[in-house]
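# Structure assessment
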Amino acid sequence: MATSFVLLAKRSRYCPSVYSFTRLKSFVPYIPQAKDLWVLRHVIINLTMLPLDRFREFITANDLFRDEDPILLAVSGGRDSVLMAHFFHQCGFRFGIAHCNFMLRGPEAMADERFCRELAGQFGVPHFETRFETREFAEGHHVSIQMAARELRFGWLERIREE
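Residues numbered from 1 in each chain as written. Predicted model: local features only at pLDDT ≥ 70, side-chain atom pairs only at ≥ 80, totals over all residues. Heavy atoms only, no water.

The next subject is helix α5 (residues 145-162). Under the 1.5 Å per step criterion, the end-to-end length of α5 is 26 Å for 18 residues, consistent within 8% with the ideal 26 Å. Along α5, the residues classified as buried are Ala148, Ala149, Leu152, Phe154, Trp156, Leu157, Glu158, Ile160 and Arg161. (Helix = DSSP H or I, 4+ residues; strand = E, 2+ residues; numbered from the N terminus. Expected span 1.5 Å × (residues − 1). Buried < 20%, exposed > 50% of the residue type's maximum accessible area, 1.4 Å probe, protein only.)

Quick look at the structure:
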């Protein structure tokens, strides 16, 4: 799926109803000033109070993407990313769902993987999934589990975006 960029939603740790959107044209680890990387970190919106028309208006006003752009949504199976997928579906945007299973949470992770696959089927959109041996990667690269998961996820999303 050739995509223009990847859009991620992340719930604020300070206020669970606030989300920040990160747009990655191309992921270049640890070099935020790289010309192909554009991160919208300071735009925070409250999705629980945002009707679809305002959601669409926000995307248009901030020139995040055009209606015809294919978008790859990173969906974990949690409430925030599932809500984002529902918004994209209800707005009629062209998107696919990508899910990473980091093999860290056992049966719960497998349930999230299955849920994301079913959600993509329900919406009739492309679905991409992968599994990572995150602990092994973290140990082999001498990084934390969180950093390992981030590197694995962003690298995989970038490979999908380039296809």
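Helix length check: helix α3 (residues 107-123) (17 residues) gives 24 Å between terminal C-alpha atoms against 24 Å at 1.5 Å per residue, within 8%. Residues Ala109, Asp112, Glu113, Cys116, Leu119, Ala120 and Phe123 constitute the buried set of α3. Seen end-on, α3 carries its buried residues on one side only, within an arc spanning 125°. For α3, the exposed residues lying more than 90 degrees away from the buried face are Pro107, Glu118, Gly121 and Gln122. On its buried face, α3 sits against α2 (79-91), β5 (95-101) and β6 (127-131). In the stretch just after α3, Gly124 is the one whose phi turns positive, near 70°. (Arc of directions from axis to C-beta. Contact = heavy atoms within 4.5 Å.)

The next thing to look at is the packing of helix α1 (residues 52-61) against α2. It is at 10 Å that the axes of α1 and α2 come closest, and there the two elements cross at 90°. By the angle between their axes, α1 is roughly perpendicular relative to α2. Note on element contacts: α2 touches α1 through Phe87, Phe88, Gln90 and Cys91, opposite Leu52, Phe55 and Arg56. Residue composition of the contact of α1 with α2, grouped by class: five nonpolar, one polar and one charged. (Axes fitted to C-alpha atoms, helices over the stretch in contact; angles between N-to-C directions. Parallel < 35°, antiparallel > 145°, perpendicular 65-115°, else oblique. Nonpolar A, V, L, I, M, F, W, Y, C, P; charged D, E, K, R; others polar.)

Glancing now at the environment of Val125. The residue Val125 is located in the loop between α3 and β6 in this model. Residue Val125 is classed as buried on the basis of its relative accessible area of 16%. Taking the C-alpha atoms as reference points, Val125 and His89, 36 residues apart in sequence, are found 9.0 Å from one another.

Further remarks concern the nonpolar core. With 22 residues, the main nonpolar core has Leu73, Phe88, Phe95 and Ile97 as its most contacted residues. Counting only elements with at least two residues in this core, the list comes to α1, β4 (71-74), α2, β5 and α3. At six residues, the largest contribution of residues to this core is made by α2. In this structure, Cys100, Ala138, Ala148 and Phe154 belong to the second largest nonpolar core, which totals 16 residues. (Core = buried A, V, L, I, M, F, W, Y, C linked by side-chain atoms within 4.5 Å.)

Both faces of β4 are covered, namely the face carrying Ile71 and Leu73 and the face carrying Leu72 and Ala74. Inspection of the sheet shows β4 paired to β5 by four bridges, in the parallel sense. Residue Ile71 lies in a different strand from β5, and its bridge partner there is Phe95. Considered for its hand, the β-α-β crossover made up of β4, α2 and β5 is right-handed. (Pairing = 2+ DSSP bridges. Right-handed = clockwise from strand over helix to strand, strands pointing away.)

The phi dihedral of Asp63 falls on the positive side, at around 50°, and the residue is not glycine. Backbone geometry places His142, a non-glycine residue, at a positive phi of 55°. Relative to the elements of secondary structure, His142 occurs in the loop between α4 (134-141) and α5. With relative accessibility at 72%, the residue His142 sits in the exposed group.

Geometric values such as these leave the question of function open.
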